[in-house]
Amino acid sequence: MVRLNLDAGNILSEKVHRIGVIALGSHLENHGPALPIDTDSKIASYIALEAALRTGARFLGVIYGAAEFPYVKHGIHMEPEELVEKELKPTLRKARRLLKLDAVVIVNAHGGNDLEDYMEDLMEELDLEIVWNSRMVEIEGPHAGSGELSAGLILGIADLGRLDECRPELYPEIGMIGLKEARESNREIDRAARTCEKEGINPDPVLGQRLLEDAVESAVRDIKNLLDLID
Ligand SMILES: Nc1nc(N[C@@H]2O[C@H](COP(=O)(O)O)[C@@H](O)[C@H]2O)c(NC=O)c(=O)[nH]1
Ligand SMILES: [Fe+2]
């Protein structure tokens, strides 16, 4: 049996090898003409990878698939139960077994992944400490709005040459301004839509950097807290 060099690399401590960081977003979701359909997965993956690089935690990649409320129709999504049972649970089970993990931080960057209430049972069934981190969704503001576009600008996935086409009458998903059913069904979405209507879409690299840094530092804090938790 090979003895691994657990003390090597930019690690917080040898225990950090037992903590995984996995990204969860959405790969198939319209974000207007200036951002790709997998914007949420790319933002989540950046945050998860950067947090792993800064702490030495295991980067576990990205989950395929995403959930969404039925009244939000801007992409291709699955039911939350299906995402948990068919994607998240088997992936975490395999990671725990193969990498001998004791804990995982799930970095979510898609507003429709309303999975926090599933975490308790998941921890129980997998005998795994799990932290659900949705910091980016909490701070970015409206869907495909200034916040997401600015983060996309920093990641190099935003096409500002198409900014003049970023009009809700052409792309109703922007700020969810044109998603009538979603706005009538969810006060949060309606509020975000009204903010977007008022403020417009303004790409700002300083805002983008600040949002991403805030989200990465949030995931780093979760990893540090888990280090104190696992013995
Ligand atoms: N997709 C859903 N989003 C939201 N909320 C609003 O959208 C963004 C999330 O956009 P993403 O592209 O990152 O998914 C979020 O910041 C909110 O402004 C929902 N509303 C939740 O309360 C939702 O149900 N689905
Ligand atoms: Fe999303």
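Residues numbered from 1 in each chain as written. Chains lettered and ligands numbered in written order. Predicted model: local features only at pLDDT ≥ 70, side-chain atom pairs only at ≥ 80, totals over all residues. Heavy atoms only, no water.

According to its UniProt record, the chain has this under Catalytic activity (unreviewed entry): "2-amino-5-formylamino-6-(5-phospho-D-ribosylamino)pyrimidin-4(3H)-one + H2O = 2,5-diamino-6-(1-D-ribosylamino)pyrimidin-4(3H)-one 5'-phosphate + formate + H(+)". The annotation that UniProt attaches to the chain under Function (unreviewed entry) is "Catalyzes the hydrolysis of the formamide of 2-amino-5-formylamino-6-ribosylamino-4(3H)-pyrimidinone 5'-monophosphate (FAPy) to form 2,5-diamino-6-ribosylamino-4(3H)-pyrimidinone 5'-phosphate (APy)." (UniProt positions renumbered as here; feature names shortened; annotations may be inferred.)

## So, the sheet that holds strand 2 (residues 58–63)
Taken in spatial order, the four strands make up an open sheet running 2-1-3-4, and their pairing is parallel. Each edge of the open sheet carries a strand with a single partner, namely strand 2 and strand 4 (129–133). Here the strands of the sheet are splayed against their neighbours by 20° on average, with no regard to which way each runs. Pairing geometry for strand 1 (residues 19–24) and strand 3 (residues 103–108), over six bridges, is parallel. Looking across to strand 3, one finds that Val21 is bridged to Val105. Against the sheet, helix 8 (residues 205–229) touches strand 1, strand 3 and strand 4, its axis set at about 160° to strand 4. (Pairing = 2+ DSSP bridges. Helix = DSSP H or I, 4+ residues; strand = E, 2+ residues; numbered from the N terminus. Axes fitted to C-alpha atoms, helices over the stretch in contact; angles between N-to-C directions. Contact = heavy atoms within 4.5 Å.)

## A short note on the coordination of the iron ion (ligand 2)
Protein coordination of the iron ion (ligand 2) is provided by Glu29 (OE), Asp40 (OD) and His110 (ND1), with donor distances spanning 1.9 to 2.2 Å. For Asp40, a relative accessible area of 2% translates into the label buried. (Donors = N, O, S within 2.8 Å, 3.2 Å for Na, K, Ca; no water. Buried < 20%, exposed > 50% of the residue type's maximum accessible area, 1.4 Å probe, protein only.)

## Thoughts on the packing of helix 5 (residues 146–155) against helix 8
One can describe the packing of helix 5 onto helix 8 by two numbers: an axis separation of 7 Å at closest approach and a directional angle of 90°. Compared by their axis directions, helix 5 and helix 8 come out roughly perpendicular. Together, Ser146, Gly147, Ser150, Ala151, Leu153, Ile154 and Leu155 of helix 5 and Pro205, Leu207, Gly208, Gln209, Leu211 and Leu212 of helix 8 make up the contact between the two elements. Its residues placed into classes, the contact of helix 5 with helix 8 shows eight nonpolar, five polar and no charged. (Parallel < 35°, antiparallel > 145°, perpendicular 65-115°, else oblique. Nonpolar A, V, L, I, M, F, W, Y, C, P; charged D, E, K, R; others polar.)

## What to know about the packing of aromatic side chains
A full pass over the atoms with the stated rule returns one aromatic pair. Between Phe69 and Tyr71 the ring centres are 5.4 Å apart and the planes differ by 5°, which places this aromatic pair in the stacked class. For Phe69, a relative accessible area of 29% translates into the label partly exposed. (Phe/Tyr/Trp six-rings, centres within 6.5 Å; stacked < 30°, edge-to-face > 60°.)

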